[in-house]
Amino acid sequence: MRIFAVPAALLLSCCLYMPLPRARKCFCGLLSRGYICILRAFTRKNGQSDDIPALIVYLLLLSGVLALLGAVHPLTSMVLMMPVFTGFCVLPACAEMKLTLDSGKYAKDIPAYEALVRQSCASLAPAFSEEIVAPMLLGALGMPLYLGAALCWIYAALTALAGRIPAAARIVSLVHRFSIRVFTAFLLLCSGVVGRNPLHVSGHTLPGRLLSILGIAGDASDTHAPVAGDIAQGIFLCAFASAVLCFALCAVGFVLCR
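Each chain carries its own residue numbering, running from 1 in the written order of its sequence. Only residues with pLDDT of at least 70 get local features here, since the model is predicted, and only at 80 or more are side-chain atom pairs given and counted; chain-wide, interface and lining totals rely on the full set of residues. Side-chain numbers here rest on the full set of heavy atoms in the structure, without hydrogens or water.

K.L.:
Explain the overall build of the protein chain to me, please; I cannot follow it from the model alone.
P.N.:
The way it works is that DSSP assigns letters per residue, a run of H or I at least four long becomes a helix, a run of E at least two long becomes a strand, and they are numbered from the N terminus. A tally of helices and strands in the protein chain yields ten helices and zero strands. Tracing the protein chain from N to C terminus, the helices and strands come up as α-α-α-α-α-α-α-α-α-α. A radius of gyration in this sense is built from C-alpha atoms; the matching globule rule multiplies 2.2 Å by the number of residues raised to 0.38. The C-alpha atoms of the protein chain give 20 Å as radius of gyration, which agrees with the globular expectation for 258 residues (18 Å, within 12%). Taking the principal axes of its C-alpha atoms as reference, the protein chain extends roughly 60 × 55 × 30 Å. The contact criterion used throughout is that any non-hydrogen atoms of two residues lie within 4.5 Å. Look at the contacts in the protein chain between residues 6 or more apart in sequence, and 71% of them connect residues 24 or more apart. A total of about 13,000 Å² of accessible surface is found on the protein chain, and carbon and sulfur atoms cover 69% of it. Under the convention used here, Asp and Glu are negative, Lys and Arg are positive, and both His and the chain ends fall outside the count. Charged side chains are reduced to one point each, which is NZ for Lys, CZ for Arg, CG for Asp and CD for Glu. Here the protein chain carries 19 positive and 11 negative side-chain charges, and the mean point of each set is 12 Å from the other. Accessible surface is estimated by sampling points in the Shrake-Rupley manner with a 1.4 Å probe; for residues, cover comes only from the protein chains shown.

Dropping the structure here:
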């Protein structure tokens, strides 16, 4: 039952961030303020601070509290993991952009219209890979040992502090590289749902491959000119690939936890 806390947390986070995309900023701000409180104890009288020791203590305290709370019940882990999947915040912006494009505002400016379609579709790739797939993998990895919520919050804290602490940025970068590779593989696996042959996909980056799967990469692999409907198709493809990945993780976790 523990492994099913991850898909349940995904569903709850979608219900949270779809109507309230600004909640992401509040969540990241909360994590940053927690670190600042810890950092005060590691600040000398001359104003110099020990960022790394403060970060280690902060992560140990955060993970300890989350591990204890997450071990109470799978439902507790589900609620605790819910705010970590912040990638859903990109969906309202993409939906709003599609409505703007459908309204005919850019009907006389085709290059701008196509650029906005590509920009909106490309924004889906990092949002899903870094803010949905990455915590999903960490949560699934930690759930058998009751550490799913703790690992997710550690990742979220490091992400919130990446711009301030180089060491946190390096750790987050390593996680991102792995999540990008996993999400790229599942995008290619699921490319058939939008009528694309994965063998015909080009691009060296995740956004480029997503655009190539949609057929609007702007190269020889294109199948049509970018249209507003590609945004909805991109959302569907990313959500479908994430769902397949989540199902695969649950299946593996179910076998391992038996």
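There is more to say, and it comes next.
K.L.:
What is the right way to look at the nonpolar core in this model?
P.N.:
Burial of nonpolar side chains together is a common tendency in soluble globular proteins. Residues grouped as a nonpolar core are buried Ala, Val, Leu, Ile, Met, Phe, Trp, Tyr and Cys residues, joined through side-chain atoms within 4.5 Å. Between buried and exposed lies partly exposed: a residue is buried under 20% and exposed over 50% of the maximum accessible area for its type, with that area taken using a 1.4 Å probe on protein chains only. Counting residues in each nonpolar core, the largest one holds 78 residues, and the members touching the most others are Tyr58, Met81 and Leu124. With 14 residues, the top contributor of residues to this core is helix α6 (residues 110-142).

K.L.:
Just to check I follow, could you spell out the environment of Leu69 for this structure?
P.N.:
You can see Leu69 is positioned in helix α3 (residues 51-70). For the pair Leu69 and Ala150, spaced 81 residues apart in sequence, the C-alpha to C-alpha distance is 9.1 Å. Ignoring sequence-local partners within four residues, the contact set of Leu69 consists of Thr76 and Leu80.

K.L.:
Would you mind going over the packing of helix α1 (residues 5-17) against helix α4 (residues 74-81) with me for this structure?
P.N.:
Packed helices, taken two at a time, are described by the angle between their axes plus the distance between the axes. Packing of α1 against α4 brings their axes to within 8 Å, and their N-to-C directions diverge by 40 degrees. With respect to α4, the axis of α1 lies oblique. Crossing geometry of α1 relative to α4 is assigned as right-handed. Of α4, the residues touching α1 (which contributes Ala5, Val6, Ala8, Ala9 and Leu12) are Pro74, Ser77, Met78 and Met81. Here an angle of 0 to 180 degrees is reported between the N-to-C directions of two axes, which are lines fitted to C-alpha atoms, with helices fitted over the stretch in contact. For this classification, under 35 degrees means roughly parallel, over 145 means roughly antiparallel, 65 to 115 means roughly perpendicular, and everything else is oblique. Crossing handedness follows the turn of the near helix against the far one: under a right angle anticlockwise gives a left-handed crossing, and clockwise gives a right-handed one.

K.L.:
Help me understand the pattern of salt bridges, please; the structure alone is not making it clear to me.
P.N.:
Side chains bearing opposite charge may pair, as long as their charged atoms lie close to each other. In what follows, salt bridge is the name for a side-chain nitrogen of Lys or Arg lying within 4 Å of a carboxyl oxygen of Asp or Glu. Applying the stated rule across the entire model yields two salt bridges. In this structure, Asp102 and Lys98 form a salt bridge, with 2.8 Å as the shortest nitrogen-oxygen distance. Linking Asp102 with Lys98, this pair stays in helix α5 (residues 90-102), spanning four residues, or about one helical turn. Judged by its relative accessible area of 26%, Lys98 falls in the partly exposed class.

K.L.:
So what exactly am I meant to see when it comes to unusual backbone geometry here?
P.N.:
The bulk of non-glycine residues show a negative phi, and the bulk of peptide bonds are trans. Positioned with a positive phi, Tyr146 is a non-glycine residue whose angle comes to about 65 degrees. Residue placement: Tyr146 occurs in the loop between α6 and α7 (148-161).

K.L.:
So what exactly am I meant to see when it comes to a nonpolar patch on the surface here?
P.N.:
Taken together, the side chains of Ile52, Ile56 and Leu60 present a nonpolar region at the surface, about 290 Å² in accessible area. Assignment of secondary structure puts Ile52 in helix α3. Assessed through its relative accessible area of 41%, Ile52 is described here as partly exposed. In this scheme, patches are assembled from residues that exceed 30% relative accessible area and form no salt bridge. Like charges are connected within 9 Å, while nonpolar side chains (Val, Leu, Ile, Met, Phe, Trp, Tyr) are connected within 5 Å.

K.L.:
Sorry if this is basic, but what is going on with the packing of aromatic side chains here?
P.N.:
Given two aromatic rings, one states the distance between the centres and the angle between the planes to describe the pair. Working definition: a ring pair exists when centres of Phe, Tyr or Trp rings (six-membered ring for Trp) sit within 6.5 Å. Plane angles under 30 degrees give stacked, over 60 give edge-to-face, the rest tilted. A complete count under the given rule lists five aromatic pairs for this structure. Ring centres 5.2 Å apart and planes at 85 degrees place the aromatic pair Phe27 and Trp153 in the edge-to-face group. One end of the pair, Phe27, is in helix α2 (residues 23-40); the other, Trp153, is in helix α7, and 126 residues separate them in sequence. For Phe27, a relative accessible area of 8% puts it in the buried group. The exposure class of Trp153 is buried, given its relative accessible area of 13%. Centroid distance Tyr35 to Tyr58: 6.0 Å. Interplanar angle 65 degrees. Geometry classified as edge-to-face. Placement of Tyr35 in helix α2 and of Tyr58 in helix α3 is noted, with a sequence separation of 23 residues between them. Its relative accessible area of 0% is what places Tyr35 among the buried residues. Classification of Tyr58 as buried rests on a relative accessible area of 7%.

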